[in-house]
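What the coordinates show
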Amino acid sequence: MDLEKLSGGQCAIGRSIARVGDAWSMLVLRDAGLGQTRFDGFQKSLGIAPNILTRRLSALVEAGLFERRRYSERPPRDEYVLTAAGRDYVSILLMLGGWARTHFGDEGTSRPIDRATGRTIHPVVVDAETGTPLTDMNIGLETPTR
């Protein structure tokens, strides 16, 4: 797959995949959305090899989904904080989870909750202008002219 071509192409979905298109990156972003910020926390939660985690975190920083912040000078240690783009991507992950619960059974799967109330969150995607669920729309793609 030519990620360079995808990342600058006209297809917004292709641009997204080029930046976050692997499972490890999505799981790292999921954990960050749940409050994780430190390398050792991601590693323990995911059971991911340190070299793979290092590459994923670096790529996510480069893609603008994380910001690296120093929390210790001795030894030097950074934490990874979601940017606005990263926080927006967490919503996409919640939708993916909702899709999986709907189409692949919800028994035994995690579910998002509002921490303040304990209420289950049922994510849906709607058009921001009309509030219409995208599943109810006849969607096409318009290609930009150059």
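For the structure itself, look to the data block above.
All figures in this text were calculated on a predicted structure; none of them were measured in a lab.

About the thresholds
Residues numbered from 1 in each chain as written. Predicted model: local features only at pLDDT ≥ 70, side-chain atom pairs only at ≥ 80, totals over all residues. Heavy atoms only, no water. Core = buried A, V, L, I, M, F, W, Y, C linked by side-chain atoms within 4.5 Å. Buried < 20%, exposed > 50% of the residue type's maximum accessible area, 1.4 Å probe, protein only. Helix = DSSP H or I, 4+ residues; strand = E, 2+ residues; numbered from the N terminus. Contact = heavy atoms within 4.5 Å. Axes fitted to C-alpha atoms, helices over the stretch in contact; angles between N-to-C directions. Parallel < 35°, antiparallel > 145°, perpendicular 65-115°, else oblique. Nonpolar A, V, L, I, M, F, W, Y, C, P; charged D, E, K, R; others polar. Arc of directions from axis to C-beta. Polar contact = N/O pair within 3.5 Å; in protein donor to acceptor, adjacent residues only side chain to side chain.

Considering the nonpolar core
V28, L29, F42, L57 and F66 are the most contacted members of the largest nonpolar core, which has 17 residues in total. Of all elements in the fold, only α3 (23–33), α4 (39–46), α5 (50–62), β2 (77–82) and α6 (84–103) reach the threshold of two or more residues within this core. Ignoring anything within four residues of it in the chain, the contact list for V28 reads F42, L46, L53, L57, L60 and F66.

Looking at the packing of α3 against α6
Relative to each other, α3 and α6 sit at 105 degrees, their axes nearing to 9 Å. As summarised for this structure, α3 and α6 are arranged roughly perpendicular, according to the angle between their axes. Across the interface between the two elements, M26, L29, R30 and G33 from α3 touch Y89, V90, L93 and L96 from α6. Split into classes, the residues belonging to the contact of α3 with α6 amount to six nonpolar, one polar and one charged.

A word on the packing of α3 against α5
Closest axis-to-axis distance for the α3/α5 pair is 10 Å, and the angle between their directions is 75 degrees. Our classification of the angle between α3 and α5 gives roughly perpendicular. Contacts between α3 and α5 pair W24, S25, V28 and L29 from the former with I52, L53, R56, L57 and L60 from the latter. Per-class residue counts for the contact of α3 with α5 are seven nonpolar, one polar and one charged.

Thoughts on α3
For α3, the set of buried residues is S25, V28, L29, D31 and A32. The buried residues of α3 occupy an angular sector of 160 degrees when the element is viewed end-on, so they sit on one face. Contact partners of the buried residues in α3: α2 (12–20), α4, α5, β1 (66–72), β2 and α6. The backbone nitrogen of W24 lies 3.1 Å from a side-chain oxygen of the residue at the head of α3, namely D22. Two residues or fewer past α3, G35 is found with a positive phi of approximately 110 degrees.

Notes on the environment of D136
Within the secondary structure layout, D136 lies in the segment after α6. Through-space distance from the C-alpha of D136 to that of I17 is 25 Å; in sequence the pair is 119 residues apart.

Brief notes about the environment of R74
Topologically, R74 is positioned in the loop between β1 and β2. The exposure class assigned to R74 is exposed, which follows from its relative accessible area of 79%. Placed 49 residues apart in sequence, R74 and S25 show a C-alpha to C-alpha distance of 28 Å.

Purely geometric stuff here, so don't read any function into it on its own.
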